[in-house]
Amino acid sequence: AFLFTAAIDVLAAPPHAEPGRQTAQEFRREIRTEHRLNYLLYVPKAAAAEPSKRWPLVLFLHGAGERGTNLNAVAVHGPPKLVAAGKEFPFILASPQCPPGQVWNSTTLLALIDELQASLPVDARRVYVTGLSMGGYGTWELAVKHPERFAAVAPICGGGERIRTLLPAQREALKTLGVWAFHGGKDNVVVPAETERMVEAFKKAGNESVKHTVYPEAGHDSWTQAYNDPALFEWMLKQSR
């Protein structure tokens, strides 16, 4: 389990209203937040024999159906499913579980990554995030809010907030972020246009290497084909910050 607690201090000045006049005011408040996540962790066998080696880190974000308190549900799809079936990966894999009734919180996820980097032999230049459906949305959110933290992202059947790709402060990191997006051509849960809009936004931000794969006959489940293709992980591990 992972727990992140922010510092507490509350600072709030009450508004000083003058009837009949429009006046300038300031609002300021620091609010305590506590973030908890249970997660599955996989570390390569070779890590024991090479204690000085730094390893890539892949963060996997599941879909809405796997939320809850049964951690085994996280391994129903994606990379943790492959690990459970005996697949060995040359990277550290962290697969958190979103609490019931919530969606992925980028602040919580970044804090988890910080914790993993502080406690495990993670190569900070090779941190990746991928996810499906709700996790695809979470992946896009991390990509547009904090592109400098990742070497590459692989969102599957998700969508996101394009306005952040227009922010000048994000532009350089967005240009150099590895992106490979996937979608099913017959997806009627999250329509393919959701991915198309994000891909186009990244291209307009100057990212010329965005990859976009559509499986013409796939419905919402485009993740099985994507994660079963070794090319995805081969591409991902070639990306570095």
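That block above? That's the structure.
Structure report, in brief.

Within the element layout of this structure, Ser-119 appears in helix α3 (residues 106–119). For Ser-119, a relative accessible area of 48% corresponds to the partly exposed category. With 25 residues separating them in the primary sequence, Ser-119 and Val-144 have C-alpha atoms 26 Å apart. Polar side-chain contacts of Ser-119 include one of 2.8 Å to the backbone oxygen of Glu-115.

Two elements in contact, helix α4 (residues 134–145) and helix α6 (residues 193–204), have axes separated by 12 Å at closest approach and are oriented at 15 degrees. The orientation of α4 with respect to α6, classified from their angle, is roughly parallel. You can see that α4 and α6 cross each other, and the crossing is left-handed. Where α4 approaches α6, its residues Tyr-137, Trp-140, Ala-143 and Val-144 are matched on the opposing element by Glu-194, Met-198, Val-199 and Phe-202. Split by residue class, the contact of α4 with α6 holds seven nonpolar, no polar and one charged.

With that out of the way, let us pick up the nonpolar core. Among the nonpolar cores identified, the biggest contains 36 residues, and Leu-57, Leu-59, Leu-142, Phe-150 and Phe-202 are the most heavily contacted of them. Dropping the residues within four chain positions of it, Leu-57 is found in contact with Ile-92, Ala-94, Ile-113, Leu-116, Val-122, Arg-126, Val-127 and Tyr-128. In this structure, Val-58, Tyr-215, Tyr-227 and Leu-232 belong to the second largest nonpolar core, which totals 26 residues.

Now for unusual backbone geometry. With a phi angle near 55 degrees, Ser-133 is a residue other than glycine that sits in the positive phi range. Tracing the sequence through the fold places Ser-133 in the loop between β5 (122–132) and α4. Since its relative accessible area comes to 13%, Ser-133 is described here as buried. A positive phi angle, close to 40 degrees, is found at Cys-157, a residue other than glycine.

Between α3 and α4, the shortest axis-to-axis distance is 10 Å and the interhelical angle comes to 75 degrees. Here α4 runs roughly perpendicular to α3, going by the angle between their axes. Where α3 abuts α4, its residues Ser-106, Leu-109 and Leu-110 lie against Glu-141, Leu-142 and Lys-145.

Let's shift gears to the packing of aromatic side chains. Overall, the coordinates contain nine aromatic pairs when judged by the stated rule. Between Phe-182 and Tyr-215, the aromatic rings sit 6.2 Å apart at their centres with planes inclined by 20 degrees, giving stacked as the arrangement. Taken together, the positions of Phe-182 in strand β7 (residues 178–184) and Tyr-215 in strand β8 (residues 211–215) put the pair 33 residues apart, joining distant regions of the chain. Per residue, the accessibility class of Phe-182 equals that of Tyr-215, and both read buried. Three or more aromatic residues joined by ring pairs form one cluster here, namely Phe-60, Phe-89, Phe-91, Tyr-227 and Phe-233. One Lys or Arg, Lys-53, reaches over the ring of Trp-55 and ends 4.1 Å from the middle of that ring. Between the NZ or CZ atom of Lys-211 and the centre of the ring of Trp-180, over which it lies, the distance is 4.2 Å.

Rules behind the numbers
Residues numbered from 1 in each chain as written. Predicted model: local features only at pLDDT ≥ 70, side-chain atom pairs only at ≥ 80, totals over all residues. Heavy atoms only, no water. Helix = DSSP H or I, 4+ residues; strand = E, 2+ residues; numbered from the N terminus. Buried < 20%, exposed > 50% of the residue type's maximum accessible area, 1.4 Å probe, protein only. Polar contact = N/O pair within 3.5 Å; in protein donor to acceptor, adjacent residues only side chain to side chain. Axes fitted to C-alpha atoms, helices over the stretch in contact; angles between N-to-C directions. Parallel < 35°, antiparallel > 145°, perpendicular 65-115°, else oblique. Left-handed = near helix turned anticlockwise from the far one by under 90°. Contact = heavy atoms within 4.5 Å. Nonpolar A, V, L, I, M, F, W, Y, C, P; charged D, E, K, R; others polar. Core = buried A, V, L, I, M, F, W, Y, C linked by side-chain atoms within 4.5 Å. Phe/Tyr/Trp six-rings, centres within 6.5 Å; stacked < 30°, edge-to-face > 60°. Lys NZ or Arg CZ within 6 Å of the ring centre and 35° of its normal.

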